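A look at the structure
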Amino acid sequence: SSGINAEYGMSAKYMEIYKIYQEGDPSHRLKLYKQYGRARIEDIVANIESYKWLEENSKECPECGAMIQLGPGCNKVQCSVCKGYMCWLCGKALPKSSPYSHFGNGGTCHGKLFEGTREEWHDEEEDEDDGFDVYFDEFEALHII
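Since this is a predicted model, take the numbers as computed values, not measurements.

Here the focus is the pattern of salt bridges. Scanning the model with the defined rule gives one salt bridge in all. For R38, the salt bridge goes to E42, with nearest N and O atoms at 2.9 Å. Of this pair, R38 and E42 both sit in helix 3 (residues 38-57), four residues apart, which is roughly one turn of that helix. When its relative accessible area of 36% is taken as the criterion, E42 is described as partly exposed.

Quick look at the packing of helix 1 (residues 12-23) against helix 2 (residues 26-36) now. Across the interface, helix 1 lies against helix 2 with an axial gap of 8 Å and an inter-helix angle of 140°. The chirality of how helix 1 crosses helix 2 is left-handed. Facing K13, I17, I20, Y21 and Q22 of helix 1, the residues of helix 2 in contact are H28, R29, L32, Y33 and Y36. In the contact of helix 1 with helix 2, the residues fall into six nonpolar, two polar and two charged.

Once that is clear, we can look at the nonpolar core. M10, M15, I17, Y18, Y21, L32, Y33, I41, I44, V45 and I48 together form the largest nonpolar core, which totals 11 residues. Breaking this core down by element, the ones donating at least two residues are helix 1, helix 2 and helix 3. In this structure, Y21 is in contact with R29, L32, Y33, I41 and V45, ignoring residues within four places of it in sequence.

Rules used in this analysis
- Residues numbered from 1 in each chain as written.
- Predicted model: local features only at pLDDT ≥ 70, side-chain atom pairs only at ≥ 80, totals over all residues.
- Heavy atoms only, no water.
- Salt bridge = Lys/Arg side-chain N within 4 Å of Asp/Glu carboxyl O.
- Helix = DSSP H or I, 4+ residues; strand = E, 2+ residues; numbered from the N terminus.
- Buried < 20%, exposed > 50% of the residue type's maximum accessible area, 1.4 Å probe, protein only.
- Axes fitted to C-alpha atoms, helices over the stretch in contact; angles between N-to-C directions.
- Left-handed = near helix turned anticlockwise from the far one by under 90°.
- Contact = heavy atoms within 4.5 Å.
- Nonpolar A, V, L, I, M, F, W, Y, C, P; charged D, E, K, R; others polar.
- Core = buried A, V, L, I, M, F, W, Y, C linked by side-chain atoms within 4.5 Å.

And the structure:
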C-alpha cells in the first residue's frame, strides 16, 4: 500500500490528522498542534480544503488535464494552460475554430450554452444591466441557445 489517499492525493496519515482536526473538540486540536506544530497542521488542513474545493468547483481539461473553473458567462470554457476549449456540461473538447457549434443545431449540447450558469439567472435579476442582452440576442439568432 502506498499510503496515498486517492481522493485528495494526501497520505493516509494526513487524512487522519485532518479528520481529527475537523471532528475533534478544541483539546484534540491542541494535541495536534503540540505534536506536529500549529503551522504544519494549518498547512495540512488548507491543502485538503483546497483539494476539496477544486473537486467540487472545477473540471479537468480534456486536452491537458489542468483544472478549469466555470466563471461567469456560458458553458464554453477555455483552459488557461493550453488555451483549448471545452464544454462545461459534458466535458468534451471543442474545436478551436468553432467552439460554439457544439451548442448549435445538431450539436451535442444544443441549446444549453447558458444552462445552469450564472447568466441563466440573469432573467431573475432584471435590475442589473451588464450589456449581456446584446450577446444573448446574437446567440439566439444563431440558434445556439
